[in-house]
Amino acid sequence: MPRPRTARYAGNTYPSIGWALGDVLLVEPRASDQRVAEILNVTPQTVRYWRVKSGIPAFKRRGLCPYLGRLAIE
């Protein structure tokens, strides 16, 4: 089985795309899979795989704050 590809974001190196995904979404909470793929220099399918595996909803269903949901908007 191949090792997961390492990811670099904001000067940090992560062991996989899944680890970097959280930090990217903290900076850009409404970023689409395509946008995150451009930031991390991977394919959108790779981002979608790690997003679904982590239980993160699609960008259309995400709130502005990943921890508070709708409370951050109100």
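Residues numbered from 1 in each chain as written. Predicted model: local features only at pLDDT ≥ 70, side-chain atom pairs only at ≥ 80, totals over all residues. Heavy atoms only, no water.

Right, let's talk about helix α2 (residues 33-40) for a bit. By the burial criterion, the buried members of α2 are D33, V36, A37 and L40. Around the axis of α2, the buried residues are gathered within 105° of arc, so they sit on the same side. Where the residues of α2 are buried, they touch β1 (7-9), α1 (17-27) and α3 (44-54). (Buried < 20%, exposed > 50% of the residue type's maximum accessible area, 1.4 Å probe, protein only. Helix = DSSP H or I, 4+ residues; strand = E, 2+ residues; numbered from the N terminus. Arc of directions from axis to C-beta. Contact = heavy atoms within 4.5 Å.)

Here we take up the packing of α1 against α3. Running from N to C, α1 and α3 point in directions that differ by 85°, and their axes come no closer than 9 Å. By the angle between their axes, α1 is roughly perpendicular relative to α3. The segment α1 lies against α3, with I17, G18 and L21 engaging T46, V47, W50 and R51. For the contact of α1 with α3, a count of residues per class yields 4 nonpolar, 2 polar and 1 charged. (Axes fitted to C-alpha atoms, helices over the stretch in contact; angles between N-to-C directions. Parallel < 35°, antiparallel > 145°, perpendicular 65-115°, else oblique. Nonpolar A, V, L, I, M, F, W, Y, C, P; charged D, E, K, R; others polar.)

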